[in-house]
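# Residue-level structural notes
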Amino acid sequence: MEQQAPSLAVILLSEDLEKLHAGALVGSVASMSGMTVNVFVTMNALKSFRKDSFENADFITGTIGKEMLAKKIPLFDSLLQEGKDMGELNIYGCALAMDIMDWQEEDMIDVFDGVIGVTKFLGMTQGATVITM
Amino acid sequence: MTNVQVTKSIDARGAYCPGPLMELVKGIKTAQVGDVVEVLSTDKGSAVDIPEWVNKMGHEIAYLENEGDEFKIAVRKVK
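Residues numbered from 1 in each chain as written. Chains lettered and ligands numbered in written order. Predicted model: local features only at pLDDT ≥ 70, side-chain atom pairs only at ≥ 80, totals over all residues. Heavy atoms only, no water.

### A look at the UniProt feature "domain: UPF0033" (unreviewed entry) in chain B
Under the convention used in this document: UniProt positions are given in the numbering used here, feature names are shortened, and annotations may be inferred rather than shown by experiment. Here a helix means four or more residues in a row that DSSP labels H or I, a strand means two or more in a row labelled E, and each is numbered from the N terminus.
Those residues carrying the UniProt feature "domain: UPF0033" (unreviewed entry) are residues 10-34 of chain B in this numbering. Strand forms 8% of residues 10-34 of chain B and helix 48%; the C-alpha atoms that close the span are 17 Å apart.

This is the structure we're talking about:
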């Protein structure tokens, strides 16, 4: 079997639905394939994880994102939850962006494992393969 | 295929990638060692992704068939 890093770090930066979905998809499949996955949600990506944004589908969408919404496919929240249910996948909100916006973890959809700073995230993902979306 | 006893069949036709794989993973997770879980899929990625996952996780493909746009993939839980 080919060598593969046992740990994956996914950094979600963007509120583009396609980027959120792609990052969540890679993370969830990695989790169910035996990798430890840590997802860091920061900057504008955090807005998409707010309950009010999510309920109103307030995302930036391109061609594929529009079609994903029209076809009502399971979105990034569902992919991330599946990754949590079927493997080891943890999701953290960025303390800096949360503080700047005065948002609380309770404002977010119920997938978060906490709000942490970059130092903590770097500590838990040392040596991991990193994907930034 | 005729010699393979399917323990559980999952109809994931119509689900987009990675839906069929996720359904299979759930099925394998709750199955006993030796059980065969079959998944039906219309997602083109499944025919490639499911064997990759099965190989990585150390299970076995019992059979992989396709008829038109439909795939039928059976996986034996090894451990």
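Now that the structure has been shown, the text picks up again.
### Some points on the UniProt feature "transmembrane region" (unreviewed entry) in chain A
UniProt marks residues 20-41 of chain A with the feature "transmembrane region" (unreviewed entry), using the numbering shown here. Annotated as residues 20-41 of chain A, this span is 59% helix and 27% strand, and its ends, taken at the C-alpha atoms, are 10 Å apart.

### Considering the sheet that holds strand β3 (residues 88-94) of chain A
Residue and element names in this part refer to chain A. Filter applied, for reference: Pairing between strands requires that DSSP locate at least two bridges from one strand to the other. Residue contacts are counted whenever heavy atoms from the two residues lie within 4.5 Å of one another. Here an angle of 0 to 180 degrees is reported between the N-to-C directions of two axes, which are lines fitted to C-alpha atoms, with helices fitted over the stretch in contact.
The sheet built from 5 strands is open, its strands ordered β4-β3-β2-β1-β5 with parallel pairing. Each edge of the open sheet is held by one strand with a lone partner, namely β4 (115-116) and β5 (129-132). Here strand β1 (residues 7-12) pairs with strand β2 (residues 36-41) via 6 bridges, running parallel. Bridged to L12 within β2 is V41. Packing against the sheet, helix α1 (residues 17-32) makes contact with β1, β2, β3 and β5, and its axis sits at approximately 165° to β1.

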